[in-house]
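One-letter residues, chain by chain:
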Amino acid sequence: MVRLVVSDVDGTLLPDSARRLDPLVIERIRRLMQKGIPFCPVSGRQLTSLRRLFQPLSSRMYQICENGAAMFGPGEPPPLLEMTGMDRAACLELSHQILAVPDFELIISGADTTYLCPKCSDLEEYIQNQLGNRTRIVNAPEEISERFLKVSAYCRSGGRDAEKQLAPAWRDRFQVAVAGQNWLDFTATDKGAALRKLCAILGVELEEVVAFGDNDNDLSMLEAVGHPYIVEGASPRLRERFPNRCCRVEEVLARL
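Quick summary incoming for the structure in this document. (Residues numbered from 1 in each chain as written. Predicted model: local features only at pLDDT ≥ 70, side-chain atom pairs only at ≥ 80, totals over all residues. Heavy atoms only, no water.)

## So, the pairing of strand E1 (residues 4-7)
A two-sided burial pattern is seen for E1, the buried positions comprising Leu4 and Val6 on one face and Val5 and Ser7 on the other. Pairing analysis gives four bridges linking E1 to strand E12 (residues 209-213), with the strands arranged parallel. The partner of Val5 across the bridge, within E12, is Val210. As defined by bridge partners, E1 adjoins strand E2 (residues 39-41) across three bridges and the pair is classed as parallel. Considered in E2, the bridge of Val5 is made with Phe39. Between the parallel pair E1 and E2, the chain is carried across by helix H1 (residues 23-34), and the sense of this crossover is right-handed. (Buried < 20%, exposed > 50% of the residue type's maximum accessible area, 1.4 Å probe, protein only. Helix = DSSP H or I, 4+ residues; strand = E, 2+ residues; numbered from the N terminus. Pairing = 2+ DSSP bridges. Right-handed = clockwise from strand over helix to strand, strands pointing away.)

Here is the structure:
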């Protein structure tokens, strides 16, 4: 029996170059909700970006943002249910390591603001226009007064390159995961931990959950549920672990 469906967004529900969800995806999610099966996006994106993507359904959905660091409930405005911040001193140290690498860009996530210290002028435009995030430019990470929820390295040569350079020194302090072709994310939690909290809120067993993902930051979520699916083109680490595949998530949603 399926009582909850959750899904990653970028690369899973949304092709990497797309800015809007296919209307069929929205319609399939609407039908799930009409049958009494909640749907929750579980994403590295911020709340503002998810709300734009999932209109007109977003006010009726739980939404897990920033790789599990923030969870919002249904409502208008969506109430903040959980927030897991990072150690500030460690974040500042990590941030300056990222800034010291010429090919890396630093992105810091607050509760619903993306902070940038851009080296290239096109970074803010990409974050705003491609991801739909609310952004703010700062001269240094020390200017950020709110809690750090996620620190990301955007690596133009690829997220795997960033992982090789940065992950070994930080895996004992943060959750570290490749989150896309060019992204390496650091958080104090992960998608699996956030999903467990959501299941506790809803009174749903993990075995009753269907989850979809495509990249390493989805691993903890997929491991936790009874019905994990990966999309074609998923990362090698996921392909080694999960046999259930789909070309498009909406094809599976139609069968639920």
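## So, the sheet that holds strand E4 (residues 70-72)
One open sheet accounts for three strands, arranged E3-E4-E5; its pairing is antiparallel. Each edge of the open sheet is held by one strand with a lone partner, namely strand E3 (63-65) and strand E5 (80-83). The sheet shows a mean angle of 15° between the axes of neighbouring strands, taken without regard to direction. In the sheet, E3 pairs with E4 via three bridges, with the strands oriented antiparallel. Bridge pairing in E4 links Cys65 to Ala70. Across the sheet, helix H6 (residues 191-202) lies against E3, E4 and E5, angled at about 30° from E4, the strand it touches most. (Axes fitted to C-alpha atoms, helices over the stretch in contact; angles between N-to-C directions. Contact = heavy atoms within 4.5 Å.)

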